[in-house]
Amino acid sequence: MERKEKSTRQESRLRMLIQANQMLAQMESLPELLPRLLKLAQDVTESIACSILLYDGVQDVLRFALARNDTPGVAQQLLEGDFTVQMGEGIAGSVAQTRTSILCGPCDSRINRDTDAATGFVTRSLLCVPILYKNELLGVAQVLNPRYTESFDRDDLEILESFAHLAGVAMVRSKLLDALLEQERMNVQLQAAAKIQQAFLPKLPELDGGCHIWAQTRAAIHVGGDMYDCIMLPDGRMVTYIADVAGKGLGAALVGTAVWSRMRSLAMTEKSPSKILKLLNEMLVNDMENALFVTVCIAVYDTGTHALDLANAGHLLPLRIARTSGGAEVEEIALPTGLPLGIEPDLAYTEYRVELRSGESLLLLSDGITEARSATHELFGEERVTDLLRHATGAPYGPKLMGGVDRWQAGVPSNDDKTIVEFWREA
Amino acid sequence: MMAKDIWTARNADDALILGGEIDYSVTPDVRELLLKAVRESNGTFRLSLGDVHYLDSSGLAVLIETRRILMMDGRELKVTDASPQVRKLFSLTQVGILFGM
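Here the structure is a predicted model, which is why all the values come from computation and not from measurement. (Residues numbered from 1 in each chain as written. Chains lettered and ligands numbered in written order. Predicted model: local features only at pLDDT ≥ 70, side-chain atom pairs only at ≥ 80, totals over all residues. Heavy atoms only, no water.)

Visitor: I'd like to hear about the overall build of chain B, residue by residue, with values.
Guide: A tally of helices and strands in chain B yields three helices and four strands. Ordering the α and β elements of chain B from the N terminus gives β-β-α-β-α-β-α. Computed over C-alpha atoms, the radius of gyration of chain B comes to 13 Å, within 12% of the 13 Å expected from 2.2 N^0.38 for 101 residues, which places it in the range of a compact globule. Of all intrachain contacts in chain B linking residues separated by at least 6 positions in sequence, the fraction that spans at least 24 positions is 65%. Averaging the positions of the 12 positive and the 14 negative side-chain charges in chain B gives two centres separated by 5 Å. (Helix = DSSP H or I, 4+ residues; strand = E, 2+ residues; numbered from the N terminus. Rg over C-alpha atoms; globule rule 2.2 N^0.38 Å. Contact = heavy atoms within 4.5 Å. Lys, Arg positive; Asp, Glu negative; His and termini not counted. Charge placed at Lys NZ, Arg CZ, Asp CG, Glu CD.)

Visitor: If you had to explain the sheet that holds strand β2 (residues 61-69) of chain A to someone new, which residues and values would you point to?
Guide: All names here are of chain A. In space, the six strands of this open sheet follow the order β3-β2-β1-β6-β5-β4, with antiparallel pairing throughout. Every other strand in the sheet has two partners, leaving β3 (84-86) and β4 (102-104) as the edge strands with one partner each. Within this sheet the neighbouring strands show an average axis-to-axis angle of 25°, counted without direction. With respect to the sheet, helix α2 (residues 30-45) is in contact with β1 (47-56), β2, β5 (126-133) and β6 (136-146), its orientation differing from that of β1 by roughly 135°. (Pairing = 2+ DSSP bridges. Axes fitted to C-alpha atoms, helices over the stretch in contact; angles between N-to-C directions.)

Visitor: Quick one: what's the story with unusual backbone geometry, residue by residue and with numbers?
Guide: Cis geometry marks the peptide bond from A:A395 to A:P396, where omega comes out at 0°. Positive phi, close to 55°, is recorded for A:D60, a residue that is not glycine. Relative to the assigned elements, A:D60 resides in the loop between β1 and β2. In this model, B:Q94 sits at a positive phi of 70°, which is unusual for a non-glycine residue. Secondary-structure assignment places B:Q94 in the segment after α3 (84-93).

Visitor: Before we move on, can you summarise the packing of helix α1 (residues 27-39) of chain B against helix α2 (residues 57-72) of chain B with the specific residues and values?
Guide: Residue and element names in this part refer to chain B. Two elements in contact, α1 and α2, have axes separated by 10 Å at closest approach and are oriented at 20°. Judged on the interaxial angle alone, α2 and α1 are roughly parallel. Our pair here, α1 against α2, has a crossing hand that is right-handed. For the pair α1 and α2, the contacting residues are T27, R31, L34, L35 and V38 in the first and S58, G59, V62, L63, E65, T66, I69 and L70 in the second. Class assignment for the residues of the contact of α1 with α2 results in seven nonpolar, four polar and two charged. (Parallel < 35°, antiparallel > 145°, perpendicular 65-115°, else oblique. Left-handed = near helix turned anticlockwise from the far one by under 90°. Nonpolar A, V, L, I, M, F, W, Y, C, P; charged D, E, K, R; others polar.)

Visitor: Let's hear about the environment of A:K418: which residues, and what values?
Guide: Residues and elements named next belong to chain A. Inspection of the secondary structure assignment puts K418 in strand β17 (residues 418-425). Take K418: its relative accessible area is 4%, and that puts it in the buried class. Sequence separation of K418 and S174 is 244 residues, and the distance between their C-alpha atoms is 38 Å. Among residues more than four places away in sequence, those in contact with K418 are Q216, T217, R218, D226, S366, G368, I369, M402, V405, D406 and Q409. (Buried < 20%, exposed > 50% of the residue type's maximum accessible area, 1.4 Å probe, protein only.)

Visitor: Give a detailed account of empty space enclosed by the protein, specifying residues and quantitative values.
Guide: Under the defined criterion, the tally for this structure stands at two cavities of 30 Å³ or more. Of the volumes computed, that of the largest cavity is approximately 100 Å³. As for the largest cavity, its lining consists of A:D244, A:F293, A:T295, A:G314, A:H315, A:L316, A:D367, B:S57, B:L60, B:L89, B:L92 and B:T93. In terms of residues, the lining of the largest cavity owes the most to one element, α3(B), which gives three residues. Among the residues forming the lining of the largest cavity, the class breakdown is five nonpolar, five polar and two charged. Each pocket or cavity is described by its volume, and for the second largest cavity that value is around 50 Å³. Lining the second largest cavity are B:L18, B:I22, B:T27, B:V30, B:L34, B:L49, B:V52, B:L55, B:G59, B:V62 and B:L63. Taken together, the elements giving at least two residues each to the lining of the second largest cavity come down to β2 (16-22), α1, β3 (45-55) and α2 of chain B. The residue inventory of the lining of the second largest cavity, partitioned by class, reads nine nonpolar, two polar and no charged. (1 Å grid on protein atoms, 1.4 Å probe; cavity = no way out; pocket = protein on both sides within 12 Å on 5 of 7 lines; lining within 4 Å. Points joined across faces, edges and corners; volume = space filled by probe spheres on them.)

Visitor: Describe the interface of chain A and chain B, listing the residues and the values that go with them.
Guide: You'll often see interface size given as the accessible area lost when the parts meet. With 29 residues of chain A in contact, the opposing surface of chain B contributes 23 residues. Where chain A touches chain B, the interface holds three salt bridges. On inspection of chain A and its partner chain B, the count reaches six residue pairs in polar contact (both at pLDDT 80 or more). Residue composition of the side of chain A that touches chain B, grouped by class: 11 nonpolar, 11 polar and seven charged. (Salt bridge = Lys/Arg side-chain N within 4 Å of Asp/Glu carboxyl O. Polar contact = N/O pair within 3.5 Å; in protein donor to acceptor, adjacent residues only side chain to side chain.)

Visitor: Give me helix α8 (residues 273-287) of chain A: which residues, what numbers.
Guide: Residue and element names in this part refer to chain A. Compared with the 21 Å implied by 1.5 Å per residue over 15 residues, the 21 Å span of α8 between its first and last C-alpha is a close match. Regarding α8, the residues found buried are P273, S274, I276, L277, L280, N281 and L284. All buried residues of α8 fall inside an arc of 150° around its axis, so they share one side. (Expected span 1.5 Å × (residues − 1). Arc of directions from axis to C-beta.)

Visitor: Could you give an account of the nonpolar core, naming the residues involved and the relevant values?
Guide: With 61 residues, the main nonpolar core has B:L60, B:F90 and B:F99 as its most contacted residues. The dominant element in this core, judged by the number of residues it contributes, is helix α7 (residues 249-269) of chain A, at seven residues. The contact partners of B:F90, leaving out residues within four places of it in the chain, are B:L49, B:L55, B:L60, B:L63, B:V79, B:V95, B:G96, B:F99 and B:M101. Judged by nonpolar contacts, the second largest core, of 31 residues, contains A:L17, A:C50, A:F152 and A:A164. (Core = buried A, V, L, I, M, F, W, Y, C linked by side-chain atoms within 4.5 Å.)

Visitor: Give a detailed account of the pairing of strand β10 (residues 294-302) of chain A, specifying residues and quantitative values.
Guide: Residues and elements named next belong to chain A. When you tally the buried positions in β10, you get eight out of nine residues, the bulk of the element. The sheet contact formed by strand β9 (residues 237-245) and β10 spans nine bridges and is antiparallel. Note on β10: the bridge partner recorded for V239 is V300. Here six bridges tie β10 to strand β11 (residues 307-313), and the two strands are oriented antiparallel to one another. The residue of β11 that forms the bridge with Y301 is L308.

Here's what the structure looks like:
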């Protein structure tokens, strides 16, 4: 009769274990999972109290996570404690260190009677098991005092070990789901940031006297460190620049926003591009204490005289393209280049003047164009840029170059932000 | 098909030698290694980039940060060797002078 009762009890607990598995499969977040784990551990072992400690791999300690005790008042005392257990310390620490379960009966000297004295709870028997996933320690589960017997037995231990296995899978699953949700939240924020960054791009002006401007930028990952702007001044001059903040993503985009706003205000007060770069450099050296730097090529174009004043801070040199009968001649404008902005204080930049003649284009590029990788990991390179432009049939050349780079990168994610700014005079 | 070169690092008698491709996908690891090497060394920090086949702007940013940290300690970063690609980048951005090149 006794054997039959024990067998029925075991069957009932196994059913509970199966139900626990089904329930755990529906849990999606760790905060929701832990209280449920605690309750289930108590149910399958028919115990009065239960606690779960999670392993902190950084500090190499167990951290108390949650406790439940059906004796009024006791669990609350435990929950208020924010304590850690060293590996090897006490029963929980030993289980975590050896990854071996412990069963204690009423007279076991390993039970800490000081804790009993502090909480008013008398521990008769205790089970403590590791929660593992693929041999990785996630925590320990501990149950105290069986409801219907004096002491836990080997069957109880096996049930709790099986439960700990299910708990390990559920915890890993919850962590993965939490990470996925976090990633999704981050994606939504990045998409919003990308829209804001797009809004910073200028509306390109209609120029007089057969002059035109075209520009495009594409971020490699939502938001980027490339940017351009086009600022019309009251005296008819146009300040245009291309800038590339080292790095990618949100950090680079935020620095880019600071550059954008300062450049707008400097362009209205400073006439010379070299002075603008100098002042912007001072601001960035003072403000950016991290390792970010910015390359900038700036062109101030007088739409009346077609004089172009250029200054360069570590950026790719601009290209001048002249249309010919069979295609185009392409040359790099060899203007003196200074250090990128944000690295060294007290720098001076040199200005260089050229004239944009009829039928000529000026192209400002970012290195995402020349360093675009193909599916075979090959760089697009400066030679391909020049070849493509030489064989293009007239301005604007920018869209043709961007199209050529797109074809080069077909089927592979972009490895860098890509930007082209072009202005040209009709022939 | 060209494959991406894994970045490498090894210690020689007089310099830390980096190799392979250093782009934004590996710069956090390169940064950690460089800053650790800086902490564990004294005097001028010598770095060989002769085997670096590709260095992008985020890699360059790590070198500039390393130099800044050394300078705060009264030390300097000396690049003892550079591959043609790295030399071209140093020349384009004018930063070679910061590393004694």
